[in-house]
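Residues per chain, in single letters:
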Amino acid sequence: MNNVLYHSGERQYVSVLAERFVAEVPTTVTFAFNSAILEPEAQAILRQQADFIRNFPEARFSVYGHTDLVGSESYNQQLGLRRARAVVDFLVSHGIHRARLDALVSRGEREPLVATQSQERRNRRTVTEVSGFVRGNPLVHDGRYAQIVYRAYAQSGGGEIDSQGTVATSGE
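None of the values given here were measured: they were computed from a predicted structure.

Undergrad: Help me understand the overall build of the chain, please; the structure alone is not making it clear to me.
TA: Looking only at helices and strands, one finds six helices and six strands in the chain. Secondary structure elements of the chain occur, N-terminal to C-terminal, as α-α-β-α-β-α-β-β-α-α-β-β. Counting across all 172 residues of the chain, residues that qualify as buried make up 42%. For the chain, contacts bridging at least 24 residues in sequence account for 72% of all contacts bridging at least 6. As displayed, the chain offers around 9,200 Å² of accessible surface, 51% of which is attributable to carbon and sulfur atoms.

In structure tokens, the structure reads:
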């Protein structure tokens, strides 16, 4: 699959869009100990994520849930999954179609930011990432990935992108 994505050019533009997402929006929200409840600060970050995601209706995103190292691995897997689901539910409630949010994967306690056996808020997090493009979307069906990723640049030249992903400019 990676080979096909590279040869079609899709992988390159997914990477560029992912870099843009990371540069423009906080991708991580943290949680209180043993909780999957979104605090006000997390909700503010997720509203920013939703705004970005709405601007790229042809992109898919994955949400990964993480925990700290306190508790059993099986419990932490479930907690990480609950956290990822809480984020997806929030994004859906802010206008993102659920089908654009890829399968929820809990990484539990396997990828701590801080290796410690004690409670560590930075480890209790979700991370949202660009994972690809929506299959069958008319804007990406024929490989017009550059127009998607560089949409703002194309539009800055005075043109508008139509439903087929073509830049239409008004002549002088």
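And the narrative resumes.
Undergrad: Can you walk me through the pattern of salt bridges in this structure?
TA: For side chains bearing opposite charge, pairing can occur when the charged atoms are close. Evaluated as defined, the whole model comprises six salt bridges. The partner of Arg-124 in a salt bridge is Asp-68, with the nearest N and O atoms 3.2 Å apart. Of this pair, Arg-124 sits in the loop between β3 (105-108) and β4 (125-133) while Asp-68 is found in the loop between β2 (59-66) and α4 (73-93), placing the two residues 56 residues apart along the sequence. Both residues of the pair, Arg-124 and Asp-68, belong to the buried class. Note that Arg-98 is salt-bridged to Asp-89, the shortest N-O span being 3.1 Å.

Rules of the game
Residues numbered from 1 in each chain as written. Predicted model: local features only at pLDDT ≥ 70, side-chain atom pairs only at ≥ 80, totals over all residues. Heavy atoms only, no water. Helix = DSSP H or I, 4+ residues; strand = E, 2+ residues; numbered from the N terminus. Buried < 20%, exposed > 50% of the residue type's maximum accessible area, 1.4 Å probe, protein only. Contact = heavy atoms within 4.5 Å. Areas by Shrake-Rupley, 256 points an atom, 1.4 Å probe, with all protein chains shown as cover. Salt bridge = Lys/Arg side-chain N within 4 Å of Asp/Glu carboxyl O.

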